[in-house]
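Below are the chains, spelled out letter by letter.
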Number of protein chains: 2
Amino acid sequence: MVNTGDINGSSNLMDFLDEPVPDVGTYEDFHTIDWLREKSRDTDRHRKITSKSKESIWEFIKGLLDAWSGWVVMLLIGLLAGTLAGVIDLAVDWMTDLKEGICLNAFWYSHEQCCWTSDETTFEDRDKCPQWQKWSELMIDQSEGASAYILNYFLYIMWALLFAFLAVSLVRVFAPYACGSGIPEIKTILSGFIIRGYLGKWTLLIKTVTLVLVVSSGLSLGKEGPSVHVACCCGNLFSSLFSKYSKNEGKRREVLSAAAAVGVSVAFGAPIGGVLFSLEEVSYYFPLKTLWRSFFAALVAAFTLRSINPFGNSRLVLFYVEYHTPWYMAELFPFILLGVFGGLWGTLFIRCNIAWCRRRKTTKLGKYPVLEVIVVTAITALLAYPNPYTRRSTSELISELFNDCGALESSQLCDYINDPNMTRPVDDIPDRQAGTGVYMAMWQLALALIFKIIITIFTFGMKIPSGLFIPSIAVGAIAGRIVGVGVEQLAYHHHDWIIFRNWCRPGADCVTPGLYAMVGAAACLGGVTRMTVSLVVIMFELTGGLEYIVPLMAAAVTSKWVADAFGKEGIYEAHIHLNGYPFLDVKDEFTHRTLAMDVMRPRRGEPSLSVLTQDSMTVEDVETLIKDTDYNGFPVVVSRDSERLIGFAQRRELIIAIKNARQRQDGVVSNSILYFTEDPPELLANSPHPLKLRRILNLSPFTVIDHTPMETVVDIFRKLGLRQCLVTRSGRLLGIITKKDVLRHMAQMANQDPESIMFN
Amino acid sequence: MVNTGDINGSSNLMDFLDEPVPDVGTYEDFHTIDWLREKSRDTDRHRKITSKSKESIWEFIKGLLDAWSGWVVMLLIGLLAGTLAGVIDLAVDWMTDLKEGICLNAFWYSHEQCCWTSDETTFEDRDKCPQWQKWSELMIDQSEGASAYILNYFLYIMWALLFAFLAVSLVRVFAPYACGSGIPEIKTILSGFIIRGYLGKWTLLIKTVTLVLVVSSGLSLGKEGPSVHVACCCGNLFSSLFSKYSKNEGKRREVLSAAAAVGVSVAFGAPIGGVLFSLEEVSYYFPLKTLWRSFFAALVAAFTLRSINPFGNSRLVLFYVEYHTPWYMAELFPFILLGVFGGLWGTLFIRCNIAWCRRRKTTKLGKYPVLEVIVVTAITALLAYPNPYTRRSTSELISELFNDCGALESSQLCDYINDPNMTRPVDDIPDRQAGTGVYMAMWQLALALIFKIIITIFTFGMKIPSGLFIPSIAVGAIAGRIVGVGVEQLAYHHHDWIIFRNWCRPGADCVTPGLYAMVGAAACLGGVTRMTVSLVVIMFELTGGLEYIVPLMAAAVTSKWVADAFGKEGIYEAHIHLNGYPFLDVKDEFTHRTLAMDVMRPRRGEPSLSVLTQDSMTVEDVETLIKDTDYNGFPVVVSRDSERLIGFAQRRELIIAIKNARQRQDGVVSNSILYFTEDPPELLANSPHPLKLRRILNLSPFTVIDHTPMETVVDIFRKLGLRQCLVTRSGRLLGIITKKDVLRHMAQMANQDPESIMFN
């Protein structure tokens, strides 16, 4: 009883698709995949392997290899992405320093590496080792003075322009898809959209190279988003080695989801955060199996990166911090304030950036991408050099802002007035009065904050690889550090105030400004991306600060609330909308009262639906229908009168089947009848040879009843990943709803511009 | 165009359900909920509030309150669950110590609290403060000697028996649902099953009290699973305060998912791990919104618990460890070995425990739950007392096993032979030769391991609250510590071996036995529960050891692989199957080639489907049909000849509607015609008054075509949470598939006993 379906079920469709007819079963560019079909194709493949594996030892081994190929792909992705990340880090280090000077012993050493071999052991002198020469020292033999400053300034800008020009040219010429952060497109691809070449080898190569260039050029951007793109390219590369993944767009997306986790894992050295990021932010279909594999791949990548050890500190994480004092309840108030700041920054950034990007798309501005990059780089370099906090690389800045001031710290930020009688241990220094250095630093940081806020808006979205995490973290860290120092000085000078009295005795170390920087960073990143759990996990993996979950979470949640009050979209969703990608967001809730019949095509007054009949249309009729319409497929009904649905035929497969039949099958001519039935009737002697097409008929198209609420329909499209869905009433076919229709309807309901959604 | 559906769509059904007719819209006990319907009811409610909120300020505020009620519920759950967990911890501490002695100053102090005020400051003496009296000291004034030992031994057993007897009696008399870990049932409930009273107030109260009793009695069980149950009871309690949650079974489950995260969060002090546990292991429908809220609730709970500070160390986590040395590549080999051990233990435990529980269900054994508990407690206490590692509470044991030996450590496990010339700092002690204490400890630990393994199999599943995490962790930690000490001594004595030469110079601290214990614990817990990501996160939150992700992950993945090779089911799934709950696991893959037509009822040869017609059946016909069948609902068709589907009527609502009509509507008699059409035809003068029932008709029942592969159908049931689905062919209704049919079919396909699935 159970086997009756084997003979004539959808399985035949699958068999047909597995035949080596070129291009059958694949999708066209900028089209949406059918998740259900991909899934059932994979089950079929799996079933075949399982049954074959019982036949011989060899097949059994092949079956085992197939089962393990998922883990192998993960291992390979982890290794390659980890290696690439290490190489990028080393290259960025070297090229960033190249803007200021060069190592005489070995020009390929960065400043730090150059001075490793130096004998000077104190912290300050180590940076001034003789092997490392600033450009002014090398060229005019002066390290101080106006002319040296101007020469260094000039060369700094020139190097930055050179790097940026190279980057934008490479992107323009070789791989236009290598620009941007890539996360909006990857989200769209993972939701089932096809963009050919977006994850190709060229994109991988060019994105890696240009990423090094743009980060080194000192532009206000980070390498985190692009890392995800690079890792996804690796994922795509390796998945094409295994037919299990290369031939199935659904399975391929499982690999890509894991690769996205790998990208974040290597960008920050945060494997768990990476997996959660992929789960919360990027992925669409994320089964538990993928969760485990992602975690494995993320670990391999993090481990590979640690073996390369680009930060020279054996730490997995990017910004390792260690704080020595706990936080106090009263500090929640400034933390929440930072959350509010983060939310406002997120809103401001998204609005301004989207407005600017829209202008770029619609005006002449978009026609001069190279010039735009050059101008922005010139402005960035010009304004960044004079301020020590913007001159250096953003990662170094963040690292300094996050750190607590130890006794040996030589940074300007730690220029406190020490009590000469202090005999405390090194790592437990009480709050002290700020010195002039700290005040100076505060002013410079305030300027850096304004500069970063404005320039980032114009930088993100240019035709170069650009990530948003590092600039957002920098903005938050600067704001947080300023607030932190403020609270610290307030507590030092007014420790008799009622709020300070309980937790801040004189001579105690009660406020850690570095923690404020961390909290501010979380808030700003949260405001822009609207991540919560993955954000907190990344932050605490980044810093190793497990005790500080509550402050981080308070800031992240506040920031999300504030930003959500102004607009629900995070920056990635906003860019998806701007670009009109057909992305059906899981987070949007559809709460309108419309029904399937309101959305389906044809609308009232439109010509009726183009259908095929099961046994009365000729080849010519069908060819005309295909020529006249551009639908992806046609429902097949019993007859035009009864309109009872029997299946669905894909346009692509119909074309291929007719073409093949005309070439290979004798007697199939223009007036041959197409039969979708199981047993075509006996033929008259002189009638042309019929064309039997039941094998390409999908016998189980998805149907809903016309009264189904759109809410349910949206849910079905989301959860099952449909391309289209047929609408019936009392068994009669009424119309069709495609993913495009759903998206258009959702946009309409949200009072948005319906045109922006139309991409496919 | 968009609004046409408002008049006659499913909205009317909803309006009807919102009427204060008692019991309409609720479900019966041991029935499955319809997720789609719950969701659409919630959207309706939401829509109503949104439109009302524009009417007046008061309604606007009410709308805001409604929107925030989700966060309020989370806050309340966090506070209550955190408080309960704190109280449980304190009570367990006190009662565990009560088995050995009493505090003379204040009998409600535990041993540690009693000695806090003591003047003895050295570590060893602190445990022997004069205020704390062992029973033998108090009763026969002897602290040493045979008679003292026997008296203490006897009282230890008596107290254990008293606690266990109290616990099992309370469970038997007041709340039979309070037994077990509760996680299998909570998984089932979250998947949409109704078990009334399982999360009720009585269960909450009794489970909390008995949990304290059984943990104190020294049985081999933990409080983690029951904590989840307790937290879910809190969740259920608070969700009944808000109509948004109390009246919607779907929304209620969102709260319960978050509560499950809270349970783990307070059990271990691991908020992130808790959220991931809920996501990976427990929850069924886990939208991102729930992710954020869970995290918030978990943090509130962890924070509340920290404020109560039951461990007296201001730490959030249960077993805080700090290791001072990194791990080396070569150590991966013993770690993977521990993973294999964990997998084998998991398999052994699951098989034996399930076999024993099945025996309990099917033989006379199940009739004497009190006796069973008493016997197991007696055996446990009898065997546990002589061994110092089993006498104390399991948490203390684990804590000691996880810890690295510092210089001041007085534990027997740290009885190494010190080099008298050692002048190293306190926390960086080289590997040393083991003393007699360590060898003694190894033997005792080996015995403890065997004892724990065997007794846990018989303990889990008795009629008392019993968690599995702590015993599993204990087994793993013991095995790990033994292996760790072995490797350490091997490295000490053979540091010239090639594998040790690179990383273990004499005088270096290269092996940390505590880390092995941690890895072993992760492996064993993974083998039993098959968690991976959440497990690793819990372990590293538990211990604060961020650097040890790779060893933990290696062990967890190995353990999962090994255990999966023997059987795919974790302990919770195994118990779900054993109890026959209707649980559709997301993890199971259905890969058979059957079609919807193979599974639907009626089967070939069975009488045809019971249907209603839209305009030709009388009230009496329907009443007879309802009496003769026990189906949950009936499809409504145009006529028996055409069999075209127009909707679906729930049995429950049909009964209520007819009852109401008979009572209230004049002229409705037994031979009144039931109309499901929009406009009943004009009546003849003498015909009875018709009964219009379109409002209870679900106009959008879910349908699939008979050729749909069962794989897709299973997917639809899982992802959309359906109760039933109608099967059509060319527009004609053929049959129906219920969740029960799907489960039965899956069991059949997996060659399992089909009877065990039948519960509903």
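Calculation notes
Starting from 1, residues in each chain are numbered consecutively following that chain's sequence as written. Starting at A for chains and at 1 for ligands, labels are handed out in the order in which the entities are written. Confidence filtering applies because this is a predicted model: local features only for residues at pLDDT of at least 70, side-chain atom pairs given and counted only at 80 or more, and all residues used for totals across whole chains, interfaces and linings. With hydrogens and water set aside, each side-chain value is computed from the structure's full complement of heavy atoms. Throughout, a contact is declared for two residues whenever any of their heavy atoms are within 4.5 Å. As used here, buried area is the combined drop in accessible area, with a 1.4 Å probe, of two parts when they are placed together. Counted as salt bridges are all cases of a side-chain nitrogen of Lys or Arg within 4 Å of a carboxyl oxygen of Asp or Glu. Strands pair, by our definition, only if DSSP identifies at least two bridges between them. Secondary structure follows DSSP: runs of H or I at least 4 residues long count as helices, runs of E at least 2 residues long count as strands, and numbering of each begins at the N terminus. Lines fitted to the C-alpha atoms define the axes, with helices restricted to the stretch that makes contact. Angles between their N-to-C directions range from 0 to 180 degrees. In this entry, domain limits derive from an automatic or database-based domain assignment. It is the rotation of the near helix from the far one that decides the hand of a crossing: anticlockwise by less than a right angle makes it left-handed, clockwise makes it right-handed. Residue polarity follows a fixed list, in which Ala, Val, Leu, Ile, Met, Phe, Trp, Tyr, Cys and Pro are nonpolar, Asp, Glu, Lys and Arg are charged, and the others, Gly among them, are polar. UniProt positions are given in the numbering used here, feature names are shortened, and annotations may be inferred rather than shown by experiment. Summary of the burial criterion: residues with accessible area below 20% of their type's maximum are buried, those above 50% are exposed, and those between are partly exposed, where the area comes from a 1.4 Å probe applied to protein chains only. Least squares is used to superpose the copies, and the fit set is the C-alpha atoms of residues whose pLDDT is at least 70 in both copies. Patch rule: a residue counts if its relative accessible area is over 30% and it has no salt bridge; like charges are joined within 9 Å, and nonpolar side chains (Val, Leu, Ile, Met, Phe, Trp, Tyr) within 5 Å. In short, Shrake-Rupley with a 1.4 Å probe defines the accessible areas, and a residue's cover is counted only from the protein chains shown. A score between 0 and 100, pLDDT records how confident the predictor is in each residue. To count as a disulfide, a pair of cysteine sulfur atoms needs to be within 2.5 Å.

Regarding the interface of chain B and chain A
Part 1: Every contact between the two is made by 89 residues of chain B and, on the other side, 88 residues of chain A.
Part 2: At the boundary of chain B with chain A, total buried surface from both sides reaches about 8,000 Å², with 66% on carbon and sulfur atoms.
Part 3: On the chain B side of the interface with chain A, the three residues burying the most area are Trp292, Arg593 and Arg644 of chain B, jointly 9% of the side's total.
Part 4: Applying the counting criterion to the chain B and chain A interface returns four salt bridges.

Brief notes about the sheet that holds strand 13 (residues 724-729) of chain B
Residues and elements named next belong to chain B.
Part 1: Ordered by their spatial adjacency, three strands build an open sheet running 12-13-14, and the pairing between neighbours is mixed. The strands lining the two open edges of the sheet, one partner per strand, are strand 12 (703-705) and strand 14 (732-738). The mean inter-strand angle of the sheet, taken between neighbouring strand axes irrespective of direction, is 35°.
Part 2: Where strand 13 and strand 14 come together, six bridges link them in antiparallel fashion. Counted as the bridge partner of Leu726 is Ile736 from strand 14.
Part 3: Relative to strand 14, helix 30 (residues 710-720) is tilted by about 60°, and along the sheet it contacts strand 12, strand 13 and strand 14.

A few points about the domain arrangement of chain A
Part 1: The domain boundaries assigned to chain A delineate domain 1 (94-308), domain 2 (335-403 + 411-418 + 427-579) and domain 3 (596-750).
Part 2: Distance between the C-alpha centres of domain 2 of chain A and domain 3 of chain A: 55 Å.

A closer look at unusual backbone geometry
Trans peptide bonds make up the majority, and among non-glycine residues the majority have a negative phi.
Residues and elements named next belong to chain A.
Part 1: Between Arg601 and Pro602 the backbone carries a cis peptide bond, its omega angle lying at -5°.
Part 2: Looking at where Pro602 falls in the secondary structure, it is placed in the loop between helix 27 (596-599) and strand 5 (612-613).
Part 3: Backbone geometry places Arg530, a non-glycine residue, at a positive phi of 65°.
Part 4: In this structure, Glu643 is a non-glycine residue whose phi angle is positive, near 55°.
Part 5: With respect to the helices, strands and loops of the structure, Glu643 is situated in the loop between strand 7 (633-637) and strand 8 (645-650).

Section: the packing of helix 25 (residues 549-566) of chain A against helix 15 (residues 288-308) of chain B
Part 1: Axis separation between helix 25 of chain A and helix 15 of chain B bottoms out at 11 Å; the angle between their running directions is 145°. The interaxial crossing formed by helix 25 of chain A with helix 15 of chain B has left-handed handedness. On helix 15 of chain B, the residues touching Ile549, Val550, Met553 and Lys560 of chain A of helix 25 of chain A are Trp292, Phe295, Leu299 and Phe303 of chain B.
Part 2: Classifying every residue of the contact of helix 25 of chain A with helix 15 of chain B gives seven nonpolar, no polar and one charged.

Points about the UniProt feature "domain: CBS" (unreviewed entry) in chain A
Part 1: Per the UniProt record, "domain: CBS" (unreviewed entry) is found at residues 600-664 and 697-755 of chain A.
Part 2: A helix fraction of 37% and a strand fraction of 23% characterise residues 600-664 of chain A, whose end C-alpha atoms lie 38 Å from each other.

Considering the environment of Ala556 of chain B
Residues and elements named next belong to chain B.
Part 1: The topology assignment puts Ala556 in helix 25 (residues 549-566).
Part 2: Ala556 sits in the buried class, given a relative accessible area of 0%.
Part 3: Considered as a pair, Ala556 and Ile417 are 139 residues apart in the sequence and their alpha carbons are 34 Å apart.
Part 4: Discounting residues that sit within four places of it in the chain, Ala556 has contacts with Leu535 and Val536.

Section: the relation of the copies chain B and chain A
Here the second copy of the chain follows from the first by a rotation about an axis and a shift along it.
Part 1: For the match of chain B to chain A, the screw axis carries a shift of 0.0 Å, the RMSD comes to 0.1 Å, and the turn is 180°. What we have between these two chains is a two-fold relation. No C-alpha of chain B approaches the rotation axis more nearly than that of Gly731 of chain B, which lies at 1.6 Å.

Observations concerning a nonpolar patch on the surface
Part 1: Together, Ile57, Trp58, Phe60, Ile61, Leu64, Leu65, Trp68 and Val72 of chain A together with Trp561 of chain B give the surface a local cluster of nonpolar side chains, amounting to about 920 Å² of exposed area.
Part 2: In terms of residue count, helix 4 (residues 57-98) of chain A provides more of the nonpolar patch than any other element does, eight residues in total.
Part 3: Position of Trp68 of chain A among the secondary structure elements: in helix 4.
Part 4: Judged by relative accessible area, Trp68 of chain A falls into the partly exposed class, the value being 40%.

Details of the confidence of the model for chain A
In low-pLDDT segments, the atomic positions of the prediction should not be examined closely.
All names here are of chain A.
Part 1: Within chain A, residue pLDDT values average 83, and 89% of them lie at 70 or more.
Part 2: In this model, residues 1-24 is a region of pLDDT below 50 whose contacts with residues beyond four sequence positions or in other chains number 52 contacts.
Part 3: The low-confidence segment residues 752-760, where pLDDT is below 50, has 25 contacts with residues more than four positions distant or belonging to other chains.

Here we look at the state of the cysteines
All names here are of chain B.
Part 1: Enumeration over the complete set of coordinates arrives at zero disulfides over all chains.
Part 2: With no disulfide of its own, Cys232 lies 7.3 Å from the sulfur of Cys233, the closest cysteine sulfur.
Part 3: Overall, the relative accessible area of 1% leaves Cys232 in the buried class.
Part 4: Left without a disulfide partner, Cys524 is nearest to the cysteine sulfur of Cys352, which lies 14 Å away.
Part 5: Of the residues examined, Cys524 reaches a relative accessible area of 0% and is grouped as buried.

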